[in-house]
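The lines below spell out each chain.
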Amino acid sequence: MRDRYSILVGLLFLVVIAIASLHTLGGGDGGRTLGLDPFPARWPLPAFAVPAAAGTLEGDANIAQDDCTTAAVPCPEGSRRAPACRIQTRGAIRVCDLFGRPLVISFWFSEGDGCVEQQDVVEGAYRRYRGRVGFLSLDIRDDRGPVRELIREHGWTMPVGYDRDGAVATLYGVGGCPTMAYVYPGGTLQAASIGDLTTAQLDARIRALLDATRAAEAG
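Residues numbered from 1 in each chain as written. Predicted model: local features only at pLDDT ≥ 70, side-chain atom pairs only at ≥ 80, totals over all residues. Heavy atoms only, no water.

A.B. asks: I'd like a rundown of unusual backbone geometry, residues and numbers included.
C.D. replies: A cis amide bond links C177 with the next residue in sequence, P178, at an omega value of -5°. Within the secondary structure layout, P178 lies in the loop between α4 (167-172) and β6 (179-184). Phi is positive for R42, close to 55°, though the residue is something other than glycine. Checked against the element boundaries, R42 lands in the loop between α1 (2-25) and β1 (49-51). Positive phi values are uncommon outside glycine, yet R141 reaches one of about 65°. Within the secondary structure layout, R141 lies in the loop between β4 (134-140) and α3 (144-154). Judged by relative accessible area, R141 falls into the partly exposed class, the value being 37%. (Helix = DSSP H or I, 4+ residues; strand = E, 2+ residues; numbered from the N terminus. Buried < 20%, exposed > 50% of the residue type's maximum accessible area, 1.4 Å probe, protein only.)

Here it is in structure tokens:
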């Protein structure tokens, strides 16, 4: 009985930790979790810029949406800042630069079960759809050194960004790993998913994004 009680307490502890992790990562639009909760149709993706994970640029993500000349985003009084998509910092990946075509963003962290292997699936899609669809693999809160090593070991050639403090994940309401955002040209959300996808399942998602893009452009 004592062993059963210990196991039950341990399981309850793990559930509490999992729920706490979701609340820590979640945020997004009105507290929604990307891939689980419905988001507004054509939700405009917030701007961000992050260091390229394999590069030498250090620092947290820039998630500034404006330069403090408007009240759109809270900003320290009397401060000015460079909006995320206007910075000219070498070694930074600006998400707005990827909005010229359909885009897939894969949010992940190395401790998630199967999350690293899922990036291999995303890499395969990147190679198949390169030129038609943009891809960004975004690591959340891992140590930078191991992320660089994973890129080398797995031979990833897709853009891989580094969200050191989880600011982008919080902004987007990422609550699990892996989370995928499928994005229309121009930077609005077409769909999202959470959990592992097979190659065939990811291809189906990408084809749906391409079909939806063609329909939107025809309309």
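A.B. asks: Which residues make up the nonpolar core, and what values go with them?
C.D. replies: Here is a general trend for soluble globular proteins: nonpolar side chains tend to be buried in one another's company. In terms of nonpolar packing, the biggest core is built from 28 residues, with V104, F135, W156, Y182, L202 and I206 touching the most fellow members. Elements with a contribution of two residues or more to this core: β3 (103-108), α2 (115-129), α3, β5 (160-163), β6 and α5 (199-218). When residues of this core are assigned to their parent elements, the largest contribution, seven residues, is made by α2. Filtering out sequence-adjacent residues up to four positions away, W156 remains in contact with W108, V116, Q119, D120, E123, L150 and I151. In terms of nonpolar packing, the next biggest core, distinct from the first, is built from 24 residues, A61, L103, L138 and V168 among them. (Core = buried A, V, L, I, M, F, W, Y, C linked by side-chain atoms within 4.5 Å. Contact = heavy atoms within 4.5 Å.)

A.B. asks: So what's going on with the pairing of β6? Residues and values would help.
C.D. replies: Residues in a regular strand project their side chains so that they alternate between the two faces of the sheet. A large share of β6 lies buried, amounting to six of its six residues. Of the two faces of β6, both are covered, the one formed by T179, A181 and V183 as well as the one formed by M180, Y182 and Y184. Sheet topology places β3 next to β6; five bridges connect them, and they run antiparallel. The residue of β6 that forms the bridge with S106 is M180. Pairing analysis gives six bridges linking β6 to strand β7 (residues 188-194), with the strands arranged antiparallel. Paired with Y182 across the two strands is A191, which belongs to β7. Here β6 folds back onto β7, and the loop between the two strands holds three residues, one of which, G186, carries a positive phi near 100°. (Pairing = 2+ DSSP bridges.)

A.B. asks: Go over the sheet that holds β7, please, and point to the residues and values.
C.D. replies: Sheet architecture is open: five strands sit in the order β5-β4-β3-β6-β7, paired in mixed fashion. The open sheet has two edge strands with one neighbour each: β5 and β7. Strand-to-strand twist across the sheet, computed as the mean angle between neighbouring axes with direction ignored, equals 20°. The strands touched by α5 are β3, β4, β6 and β7; relative to β6, the strand with the most contacts, the crossing angle is about 20°. (Axes fitted to C-alpha atoms, helices over the stretch in contact; angles between N-to-C directions.)

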